[in-house]
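Chains, contacts and geometry: an overview
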Amino acid sequence: MSAPEFGTLDHVDYEKVELVSPLIRRVIANNPSKFTYKGTGTYIIGRGDVVVIDPGPRLDSHRDALVAALAGERVQAILVTHCHADHSPLAAWLGGETGAPTFSFGPHPRPEPGSAAVEPPGDGVEIEESTDYDFVPDNAVVDGDLVVSTSQLTMRAVYTPGHTSNHTCWSLDEESALFTGDHVMGWSTTVVSPPDGDMSAYIDSLRRVAGRDDTMLWPTHGPPRADGRRFVESLVEHRLQRERGVLAAVRDGRTSIPDIVALLYTDVREELHKPAGRSVWAHLVKLVTDGQVEVEGSSNPALDSTYRAV
Ligand SMILES: [Zn+2]
């Protein structure tokens, strides 16, 4: 199978509401970055009685754009895919303004003090999206929950852990659409970084989306995908291919994450080797769980562990 073919968003009119399908409008926040691509796409679903997905980052221009876009509408529900700082921070504000309840799988678990999630090792290079630990939904959902049911809109939670442990996609029956947050992005692969990121869960969640019959996938970042199944299957294959590379490297005697990165990421700029290390770590955690790799000293697989093939 060929590598995933990512798309681009060529023209972005920041903070302008844009009708992207009969029921869906999108406002892109002016927060482009290496994690957010051209920025966060906040979706507004329906007319009159509307639902908002991922209100977005704490950014005055985005808040003002949402106020303008939602003028004259009644917000029924605020759905959050996960609580990275580019997705959830404006949810509490919007809930307060409109009285609409927020829904998500749950708050982000707080990392243990001193863990790798709190203090990424290294020289301050930004390698992780920052987390909005303050976000707590009014309603915690589980997979399959019907969260919106009006004459116009039928929306459900599709639990897709992996990028984060609380990541949830949201389906819209009327357009056979799935809002995929950062689980499936239009422009790039997704960061899966332990300890909260989980590669086994991520691949399972990708397979889950590939097995659905959605006509359109709407990521938070990048263009929508009309070829959801084929595209998501290519994302699974891409991860499994990397996993095979990591396993082969360990079998070949590369026992540390930096050694494996140096072997597998020769085509990647050195400054990206730290995030690549997080990704290799995620694969190693999965390989240990699958019984194909073990950790010397039989401790938990960590960034600085020594690995060997079983
Ligand atoms: Zn994210």
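Residues numbered from 1 in each chain as written. Predicted model: local features only at pLDDT ≥ 70, side-chain atom pairs only at ≥ 80, totals over all residues.

Once that is clear, we can look at the overall build of the protein. Helix and strand counts for the protein come out as 6 helices and 14 strands. In terms of C-alpha radius of gyration, the protein reaches 20 Å, essentially the compact-globule figure of 19 Å for 310 residues. In terms of its C-alpha atoms, the protein occupies a principal-axis envelope of roughly 65 × 40 × 35 Å. Once local pairs closer than 6 in sequence are excluded, the contacts in the protein between residues at least 24 apart make up 62%. (Helix = DSSP H or I, 4+ residues; strand = E, 2+ residues; numbered from the N terminus. Rg over C-alpha atoms; globule rule 2.2 N^0.38 Å. Contact = placed C-beta atoms within 7 Å.)

Before going further, it helps to spend a moment on the domain arrangement of the protein. Here the domain parsing of the protein yields domain 1 (17–236) and domain 2 (239–309). On a C-alpha basis, the centroid separation for the pair domain 1 and domain 2 is 29 Å. Of the residues lining the interface, 14 residues belong to domain 1; the matching set on domain 2 comes to 14 residues. No other element matches the 3 residues that helix α3 (residues 199–210) contributes to the side of domain 1 that touches domain 2. Grouping the constituent residues of the side of domain 1 that touches domain 2 by class yields 10 nonpolar, 4 polar and no charged. (Domains from an automatic or database assignment. Nonpolar A, V, L, I, M, F, W, Y, C, P; charged D, E, K, R; others polar.)

What follows is about the pairing of strand β12 (residues 216–219). As paired strands, strand β11 (residues 177–181) and β12 are joined by 4 bridges and run parallel to one another. Pairing of F179 across the sheet is with W218, part of β12. In this fold, the crossover linking β11 to β12 by way of α3 has right-handed handedness. (Pairing = 2+ DSSP bridges. Right-handed = clockwise from strand over helix to strand, strands pointing away.)

Okay, the packing of helix α4 (residues 228–251) against helix α6 (residues 273–289) next. At a minimum axis separation of 10 Å, α4 and α6 run at an interaxial angle of 80 degrees. Here α6 runs roughly perpendicular to α4, going by the angle between their axes. Contacts from R242, E243, V246 and L247 in α4 reach V280, H283, L284, K286 and L287 in α6. Among the residues forming the contact of α4 with α6, the class breakdown is 5 nonpolar, 1 polar and 3 charged. (Axes fitted to C-alpha atoms, helices over the stretch in contact; angles between N-to-C directions. Parallel < 35°, antiparallel > 145°, perpendicular 65-115°, else oblique.)

With that settled, the discussion passes to the sheet that holds strand β7 (residues 139–140). One open sheet accounts for 7 strands, arranged β1-β2-β3-β4-β5-β6-β7; its pairing is mixed. Each having just a single partner strand, β1 (17–19) and β7 make up the two edges of the open sheet. Inspection of the sheet shows strand β5 (residues 74–79) paired to strand β6 (residues 102–104) by 2 bridges, in the parallel sense. The residue of β6 that forms the bridge with I78 is T102. Taken strand by strand, helix α1 (residues 60–69) contacts β1, β2 (24–28) and β3 (41–45), and its axis lies near 155 degrees from that of β2. Across the sheet, helix α2 (residues 90–98) touches β4 (49–53), β5 and β6, and the angle it forms with β5 is around 155 degrees.

Among all positions of α1, only H62, A65, L66 and A69 are buried. Here the buried residues of α1 occupy an arc of 100 degrees about the axis, which is enough to place them on one side. Across from the buried face of α1, at angles greater than 90 degrees, the exposed residues are D60, D64, V67 and A68. Each element contacted by the buried residues of α1 is listed here: β1, β2, β3 and α2. (Buried ≥ 20, exposed ≤ 12 C-beta atoms within 10 Å, placed from the backbone. Arc of directions from axis to C-beta.)

With omega at 5 degrees, the peptide bond leading from P194 into P195 counts as cis. Located in the positive-phi region is E15, a residue other than glycine, with phi close to 65 degrees. Tracing the chain through its elements places E15 in the segment before β1. Even without a glycine there, the phi angle at Y37 is positive, about 60 degrees. The topology assignment puts Y37 in the loop between β2 and β3.

A few words now on the confidence of the model for the protein. Scored by pLDDT, the protein comes out at a mean of 92, with 94% of its residues at no less than 70. pLDDT under 50 marks residues 118–125. Its contacts with residues more than four places away, or in other chains, come to 10 contacts. (pLDDT = per-residue confidence, 0-100.)

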